[in-house]
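A look at the structure
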Amino acid sequence: MAARKKPKLAVWKFASCDGCQLSLLDCEDELLEVAGVIEIANFPEASRAVKRGPYDISLVEGSITTPHDAMRIQKVRRMSKLLITIGACATGGGIQALRNFKDIKDFVSIVYARPDYIETLTKSTPIDDHVFVDCELRGCPINKYQLLEVISALLNDRKPNIPKYSVCMECKQKGNVCVMVSKGIPCLGPVTQVGCDALCPSYQRGCFGCFGPMETPNTISMSERFGELGIKADDIIRTYRTYNSYSESFRRESEAYER
Amino acid sequence: MNSNLNANKDLHIVRREDLPQLFNILIKDGHQIVGPTLRDGAIVLDVLEGVAELPLGWTDEQDKARYRLVKRKDEALFGYSCGPQTWKKFLFPPDHILFKADKTRHGWRIDAGENAPPKFAFLGMRACDIHALTELDKVFIAGEYQDSAYLERRENIFIISINCSVVGNNCFCTSMGSGPGAASGYDLALTEIIDGDLHYYLIEVGSEKGEEVLGEIKHRTASQEEIRKGNELLTAAAQAISLKVDTEKLPKILKKSVEHPRWKEIASRCLTCGNCTMVCPTCFCSTVQDYTDLRGSQASRLRKWDSCFNIEYSYIHGGSVRYSSEARYRQWMMHKFASWIDQFGSFGCVGCGRCITWCPAGIDVTEELRFFCQNPLLDTTAKSA
Ligand code: SF4
Ligand code: SF4
Ligand code: SF4
Ligand code: SF4
């Protein structure tokens, strides 16, 4: 281990808010340690010094929304041994994928004074629609401990502990009282992937689904339950259309209620 | 099943106002008292300092996927049925570090040293909970290899059970032979009686330790009338349980139902969320996770609750052997009501009803069991279904 060369890390940004890569800076205490074991070779948010590729690990934030970015992600893939997507934009298309349900031209003409200057794709798509992804970290934003866990696992040649089951598993293990059963609050926990430590239910709120669909999401049954709790079709659509609206199962479910 | 107080034993009375003495003596004896208390709209289990923390005057309403606290008309301390949590979390914690290791110049230094667990007193265990403890004992300590972490916690527990006078809508202990009264497995068993202005506990002694503790509390021998009242409450509780499962042929029927079309139907409702296994007092599955720090100079091994509803649970060489939801629900039900018998000689379900109340999809295990019993697969169709 000691004799091994420090792996080179690069951080890439596509269409996103920067929140996820900032979680790396948010590691504060651990950041120095990260810098001690990894060569941060390309991370514009942290340092202007840029080392050329190839890179051992690339963290990719953001979704693909422009023709230019669709080309750029191919280059990033070619330069990266391991490509890890971080956050809902990169793993599911992000909040900007809400446009996928409408006609992009309508937005462009309202938002920009000179729509003819705007070059954009009709859809915001996740990174794995474009290139092979080795590992993904969900969340809006990601959980910094999951990021450290993946890096630490890679450095130590072990399997990262990033489970894909429901939020409920963590919620119950924390000893929370289920908000849906005890208060009738709609909660996406049963169809959402764990990783946030059941943050919202721990504060008596229903899960918003930041971490996207869990491994085998039964959204049909979930929506039926919401219906029994008195949630109207329009609100069921909105429930699935937040940070992960374009993730396969959430997308299908919201579209089913649109008809 | 027990819906009668033990006629062969002396029964005692402790008045409500003398109950704090029980706390005092147990705490003085070095016990950490764990019992029911109100939190976030439910009756949960936590460490208690005194009687004041018990859910005085509260009860619960339970239904499929529904739980609500409701005020009682009296000041009962134990006037509700079982809540979302189970006692297993104190004996088999959801996250348990098995060992830590530090890299030194002379190799790895293993630190298995755990602080000694507290000496627990469990106050308010129900008959079904005691039966569940018996099942966990079989899993963790009865076999050839004993789980030291469980054993250490289990050995010194002082158990004060509460015979149920209030039953929940989802209770079916009478079908599983596990309630509503506890026949054994306790140090002291309490039946709470509120009779006009009188508020007292009818007490059965279950062990020498129980006898000693009772000796330190103000008490007297129970009268025939008081015993009759206690019996009346228990009988009424047993009669109030309406959920029924015919367990006699259940294991056989289930084992013949492997290809039953009903599994698919259940799977269309099941969210594979795992809640039923998390709230079940007998589910004992765990996974083991290894952690390291960034430098690889520290490592730890964690044991964490797992569930047969998780894909990775059945991951064997390249894939999960129970990928479909129906396979996972079937595993759960088969384990509880069929293969547990092969493994441990009893049902793996004690009829507490938690999985019915806390299943977000409102799946009622007794309804499904009745369906299999009433619509068995004929042997000849077993293959083609
Ligand atoms: S509160 Fe939400 S996440 Fe927690 S157990 Fe209930 S449904 Fe699952
Ligand atoms: S299977 Fe359900 S009813 Fe049976 S012991 Fe477990 S939680 Fe209770
Ligand atoms: S039902 Fe599932 S989680 Fe529970 S003990 Fe059996 S295999 Fe384990
Ligand atoms: S039976 Fe209910 S609690 Fe259990 S996994 Fe299915 S939906 Fe979740």
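Residues numbered from 1 in each chain as written. Chains lettered and ligands numbered in written order. Predicted model: local features only at pLDDT ≥ 70, side-chain atom pairs only at ≥ 80, totals over all residues. Heavy atoms only, no water.

Looking at the overall build of chain B
Regarding its fold elements, chain B presents 13 helices and 16 strands. For a compact globule of 385 residues, the expected C-alpha radius of gyration is about 21 Å, and chain B comes in at 23 Å, within 12% of that figure. Residues classed as buried in chain B amount to 55% of the 385 residues present. The long-range fraction of contacts in chain B, counting pairs at least 24 apart against all pairs at least 6 apart in sequence, stands at 72%. When the accessible surface of chain B is summed, it comes to about 17200 Å², and 50% of that surface belongs to carbon and sulfur atoms. (Helix = DSSP H or I, 4+ residues; strand = E, 2+ residues; numbered from the N terminus. Rg over C-alpha atoms; globule rule 2.2 N^0.38 Å. Buried < 20%, exposed > 50% of the residue type's maximum accessible area, 1.4 Å probe, protein only. Contact = heavy atoms within 4.5 Å. Areas by Shrake-Rupley, 256 points an atom, 1.4 Å probe, with all protein chains shown as cover.)

Here's the deal with the sheet that holds strand E7 (residues 107–111) of chain B
Residues and elements named next belong to chain B. As summarised here, the arrangement of the 4 strands in space is E7-E6-E14-E13, forming an open sheet in which the pairing is antiparallel. At either margin of the open sheet sits one strand with a lone partner, and together these are E7 and strand E13 (286–292). Shown here is a sheet whose adjacent strand axes are inclined to one another by a mean of 20°, direction ignored. Here 5 bridges tie strand E6 (residues 95–104) to E7, and the two strands are oriented antiparallel to one another. Across the sheet, the residue bridging to aspartate 102 is arginine 109, located in E7. (Pairing = 2+ DSSP bridges. Axes fitted to C-alpha atoms, helices over the stretch in contact; angles between N-to-C directions.)

Focus on the site of ligand 4
Taken together, 13 residues surround ligand 4, and among them Cys270(B), Leu271(B), Cys273(B), Cys276(B) and Cys359(B) come closest. Its residues assigned to classes, the shell around ligand 4 shows 10 nonpolar, 3 polar and no charged. (Near = heavy atom within 4 Å. Nonpolar A, V, L, I, M, F, W, Y, C, P; charged D, E, K, R; others polar.)

Looking at the interface of chain A and chain B
How big an interface is tends to be reported as the loss of accessible area on association of its parts. With 40 residues of chain A at the contact, the number on the chain B side is 45 residues. With both sides pooled, the region where chain A packs onto chain B buries about 3500 Å², and carbon together with sulfur makes up 52% of that total. Our enumeration of links across chain A and chain B arrives at 2 salt bridges. A salt bridge links Glu170(A) to Lys304(B), with the nearest nitrogen and oxygen atoms 3.4 Å apart. In this assembly, chain A and chain B are joined by 29 residue pairs in polar contact (both at pLDDT 80 or more). Contributions of two or more residues to the side of chain A that touches chain B are made by helix H2 (29–37), helix H6 (144–155), helix H7 (167–173), helix H8 (179–183) and helix H10 (219–228) of chain A. (Buried area = accessible area lost by both parts, 1.4 Å probe. Salt bridge = Lys/Arg side-chain N within 4 Å of Asp/Glu carboxyl O. Polar contact = N/O pair within 3.5 Å; in protein donor to acceptor, adjacent residues only side chain to side chain.)

A word on the packing of aromatic side chains
All names here are of chain B. Under the criterion given, the structure shown has 20 aromatic pairs over all chains. Seen from their ring centres, phenylalanine 284 and tryptophan 340 are 5.5 Å apart, and the 70° between their planes marks the pair as edge-to-face. On the criterion of sequence distance, the pair formed by phenylalanine 284 in the loop between helix H10 (275–279) and E13 and tryptophan 340 in helix H11 (residues 325–344) is long-range, its members being 56 residues apart. A network of ring pairs unites the aromatic residues Trp263, Phe309, Tyr329, Trp332 and Phe372 as a single cluster. Geometry around tryptophan 305 places lysine 88 over its ring, the cationic atom sitting 4.7 Å from the centre. The ring of phenylalanine 371 has arginine 262 lying over it, and the distance from NZ or CZ to the ring centre is 3.8 Å. (Phe/Tyr/Trp six-rings, centres within 6.5 Å; stacked < 30°, edge-to-face > 60°. Lys NZ or Arg CZ within 6 Å of the ring centre and 35° of its normal.)

Quick word on helix H1 (residues 20–28) of chain B
Those residues of H1(B) that sit buried are Leu22(B), Phe23(B), Ile25(B) and Leu26(B). The secondary structure elements touched by the buried residues of H1(B) are strand E2 (31–39), strand E8 (119–125), strand E9 (158–162), strand E10 (188–195) and helix H6 (208–215) of chain B.

Description of the domain arrangement of chain B
Residue and element names in this part refer to chain B. Annotation of chain B at the domain level lists domain 1 (11–240) and domain 2 (250–374). For domain 1 and domain 2, the distance between their C-alpha centroids amounts to 25 Å. Taken together, the 43 residues of domain 1 in the interface contact 42 residues of domain 2. Here domain 1 packs against domain 2, burying approximately 3600 Å² in sum over the two surfaces, 61% of which is carbon and sulfur. On the surface where domain 1 and domain 2 come into contact, there are 4 salt bridges. A salt bridge links aspartate 129 to arginine 354; the shortest N-O distance between them is 3.3 Å. The tally of links between domain 1 and domain 2 comes to 28 residue pairs in polar contact (both at pLDDT 80 or more). Among the elements of the structure, strand E4 (58–63), strand E5 (66–71), helix H2 (88–91), E6, helix H3 (127–142) and helix H5 (173–176) are those that each provide at least two residues to the side of domain 1 that touches domain 2. Looking at the side of domain 1 that touches domain 2 residue by residue, the classes come out as 22 nonpolar, 8 polar and 13 charged. (Domains from an automatic or database assignment.)

Quick look at the side chain of Asn310(B)
You can see Asn310(B) is positioned in the loop between strand E14 (298–305) and strand E15 (315–316). The contact partners of Asn310(B), leaving out residues within four places of it in the chain, are Tyr165(A), Met169(A), Glu215(A) and Arg328(B).

What to know about the pattern of salt bridges
Under the definition given, this model contains 41 salt bridges over all chains. Its salt-bridge partner being Glu248(A), residue Arg251(A) comes within 3.1 Å of it at the nearest N-O pair. Placement of the pair is Arg251(A) and Glu248(A) together in helix H12 (residues 248–256), with a separation of 3 residues, close to one helical turn. For Glu248(A), a relative accessible area of 47% corresponds to the partly exposed category. Each of Asp195(B), Glu225(B), Arg228(B), Lys229(B) and Glu232(B) takes part in salt bridges that share partners, so that together they form one network.

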